[in-house]
Amino acid sequence: MIRFAMLGSGSKGNATLIEHGGTRLLVDCGFNLKETEARLLRLGVEPASLSGILVTHEHSDHLSGVGRLARRHRVPVYMTYGTHRVWQDAEVPALIRFSPHQRFEIGGLAIEPYPVPHDAAEPCQYVIAAGDGAARRRIGILSDAGHISAHMRAVLAGCDALMLECNHDPELLRLGPYPPSLKLRVGGDRGHLSNGQAAALLSGYETARLQHLVLMHLSETNNRPPLALDAIRGALDGDLAGLRCADQAMGLEWAEVV
Ligand SMILES: [Zn+2]
Ligand SMILES: [Zn+2]
């Protein structure tokens, strides 16, 4: 059994847990140490029990808490060469660097990073899998991407659980308080996925295997959960029992992929 949870999701901090057997990974950590420890304990996880921290990119909502957490609890950190090059806080007990096209394993989990278009040094996202043959289960994560390439579509095909960025509603972004330069950045080709762009990934997506579809990284300024959910429902053939939004404050309770 593989399961996942979130400490929180959004521009004020992201962190996702994935667990299988005795292997427990944190993807990103954009919360300070005290907040991270409290949120981990809320989900029943001792910080020192983490097997590794996988980083997607250097933006502070993903990376700001990684260094202190890794040092305090002696957790190995995994990131791309490019992300490491720009990381200011890189003194950690163990650091493993990789190319975003290079697969590797941590414990019983297969890690498949893939590159994404985002305004960072060498950003990647992940598909994480466990089990063999018919028992193999795949969890896909996609956030912080300005658009969806054919390669990303191919990598994310056939997931059993998908965590998908629905950053903004274009109309709320356009009318909202952000300065013009930031609106261009967020809505641009190397910015963030809109509800409509996320929905476009799902039209034509083979949903037969999909047990969980978690909408993540919603902007508190430029989006609302009902807007994101409506856009996604419109792209799915009917409703999906496992469709829901992750929350900035509460994250996401443990979800099992059976
Ligand atoms: Zn982000
Ligand atoms: Zn980012």
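Source: prediction; values computed, not measured. (Residues numbered from 1 in each chain as written. Chains lettered and ligands numbered in written order. Predicted model: local features only at pLDDT ≥ 70, side-chain atom pairs only at ≥ 80, totals over all residues. Heavy atoms only, no water.)

### Here we look at the coordination of the zinc ion (ligand 1)
Around a metal, the perfect tetrahedron of four donors has angles of 109.5 degrees, and the perfect octahedron of six donors has angles of 90 or 180 degrees. The test is simple: Water is not part of the atom set, so a site may look incomplete; the donors themselves are N, O and S atoms within 2.8 Å of the metal, or 3.2 Å for Na, K and Ca. When four donors show all angles between 85 and 135 degrees the site is tetrahedral, when four or six donors have opposite pairs over 155 degrees and all other angles between 65 and 115 it is square planar or octahedral respectively, and in every other case it is irregular. Runs of H or I in DSSP of at least four residues are treated as helices and runs of E of at least two as strands, each being numbered from the N terminus. Exposed residues in this analysis have more than 50% of their type's maximum accessible area, buried residues have under 20%, and partly exposed residues fall in between, with area computed by a 1.4 Å probe over protein chains only.
At 2.1 to 2.3 Å from the zinc ion (ligand 1) lie its protein donor atoms, namely Asp 61 (OD), His 62 (NE2), Asp 144 (OD) and His 217 (NE2). One can describe the donor arrangement at the zinc ion (ligand 1) as irregular, given that its four donor atoms subtend angles of 91 to 163° at the metal. Taken as a pair, the zinc ion (ligand 1) and the zinc ion (ligand 2) show a spacing of 3.6 Å, with Asp 144 coordinating each metal. Highlighted residues: Asp 144 in the loop between β10 (137–142) and α5 (150–156) and His 217 in the loop between β12 (212–216) and α9 (225–235), separated in sequence by 73 residues. By relative accessible area, His 217 is classed as buried at 1%.

### A word on the pairing of strand β5 (residues 77–80)
A regular strand places its side chains on the two faces of the sheet in alternate fashion. Counted only if it meets this: A pair of strands counts as paired when DSSP detects no fewer than two bridges linking them. When the strands point away from the viewer, a crossover counts as right-handed if the path from the first strand over the helix to the second runs clockwise.
In β5, alternate side chains face the same way, and those of Val 77 and Met 79 on one face and Tyr 78 and Thr 80 on the other are all buried. Relative to β5, strand β4 (residues 52–54) is paired through two bridges, and the arrangement is parallel. Across the sheet, the residue bridging to Ile 53 is Val 77, located in β5. A crossover links β5 with its parallel partner strand β6 (residues 95–98), the connecting element being helix α4 (residues 81–86), and its sense is right-handed.

### Some words on the environment of Gly 21
Looking at where Gly 21 falls in the secondary structure, it is placed in the loop between β2 (15–20) and β3 (23–27). Assessed through its relative accessible area of 61%, Gly 21 is described here as exposed. Sequence spacing of Gly 21 and Leu 109 is 88 residues, and the spatial spacing of their C-alpha atoms is 9.0 Å.

### Overview of the coordination of the zinc ion (ligand 2)
The protein atoms that coordinate the zinc ion (ligand 2) are His 57 (NE2), His 59 (ND1), His 118 (NE2) and Asp 144 (OD), at distances of 2.1 to 2.4 Å. Around the zinc ion (ligand 2) sit four donor atoms; with metal-centred angles ranging over 92 to 170°, the donor geometry is irregular. Along the chain, the residues that donate to the zinc ion (ligand 2) are spaced as H-x1-H-x58-H-x25-D. Using a relative accessible area of 1% as the deciding quantity, one classes His 118 as buried.

### Examining the packing of helix α1 (residues 33–42) against helix α3 (residues 66–73)
To keep it simple, the criterion reads: Every axis corresponds to a line fitted to the C-alpha atoms, with the helix fit spanning only the stretch in contact, and the corresponding angles, defined between N-to-C directions, vary from 0 to 180 degrees. Should an angle fall under 35 degrees it is called roughly parallel, over 145 degrees roughly antiparallel, and 65 to 115 degrees roughly perpendicular, with every other angle called oblique. By convention the crossing between two helices is left-handed if the near helix lies anticlockwise of the far one by an angle smaller than a right angle, and right-handed if it lies clockwise. Residue contacts are defined here by distance: any two heavy atoms, one from each residue, within 4.5 Å place the two residues in contact. Polarity classes work like this: nonpolar for Ala, Val, Leu, Ile, Met, Phe, Trp, Tyr, Cys and Pro, charged for Asp, Glu, Lys and Arg, and polar for all others, with Gly in that last group.
Interaxial distance between α1 and α3 falls to 9 Å at its minimum, and their mutual angle equals 70°. The angle between the axes of α1 and α3 places the two elements in the roughly perpendicular class. In the crossing of α1 with α3, the sense of the turn from one axis to the other is right-handed. Taken together, the residues of α3 that come into contact with α1 (itself represented by Leu 33, Thr 36 and Glu 37) are Arg 68, Leu 69, Arg 72 and His 73. Taken together, the residues of the contact of α1 with α3 sort by class into two nonpolar, two polar and three charged.

### Points about the sheet that holds β4
Taking strand neighbours across the sheet as the criterion, the seven strands line up as β6-β5-β4-β3-β2-β1-β14 in an open arrangement whose pairing is mixed. Edge positions in the open sheet fall to β6 and β14 (252–257), since each of these has one partner strand only. Within the sheet, the average angular offset between the axes of one strand and its neighbour, ignoring direction, is 20°. Where strand β1 (residues 2–8) lies against β14, four bridges are found, and the strand directions are antiparallel. Paired with Met 6 across the strands is Leu 252, a residue of β14. Its contacts with the sheet place α1 against β1, β2 and β3, and it is angled at close to 140° to β1. Those strands touched by α3 are β3, β4 and β5, and its axis lies near 170° from that of β4.

### Details of the nonpolar core
What counts, and what does not: Working definition of a nonpolar core: buried Ala, Val, Leu, Ile, Met, Phe, Trp, Tyr and Cys residues. They are joined through side-chain atoms within 4.5 Å.
Within the largest apolar cluster, 29 residues are counted, with the highest numbers of intra-cluster contacts made by Leu 142, Leu 162, Leu 164, Leu 213, Leu 215 and Ile 232. Elements represented by at least two residues in this core include exactly α5, β11 (161–165), α8 (195–202), β12 and α9. Once you skip the residues sitting within four places of it in the chain, Ile 232 turns out to touch Cys 166, Asn 195, Ala 198, Ala 199, Leu 202, Leu 213, Leu 215 and Leu 243. Met 6, Tyr 78, Phe 104 and Cys 124 belong to the second largest nonpolar core, which has 27 residues in total.

### Brief notes about the sheet that holds β11
The seven strands are arranged β7-β8-β9-β10-β11-β12-β13 in an open sheet whose pairing can be described as mixed. Two strands lie at the open edges of the sheet, namely β7 (104–106) and β13 (243–245), each paired on one side alone. The average undirected angle you get between the axes of adjacent strands in this sheet is 20°. Examined bridge by bridge, strand β9 (residues 124–130) and β10 share five bridges and lie antiparallel to one another. Opposite Ala 130, over in β10, you have Arg 137 as the bridge partner. Along the sheet, α8 makes contact with β10, β11 and β12, crossing β11 at roughly 150°. The strands touched by α9 within the sheet are β12 and β13, with β13 carrying the most contacts at an inclination of about 155°.

Remember that the coordinates give geometry; whether it matters functionally is a separate question.
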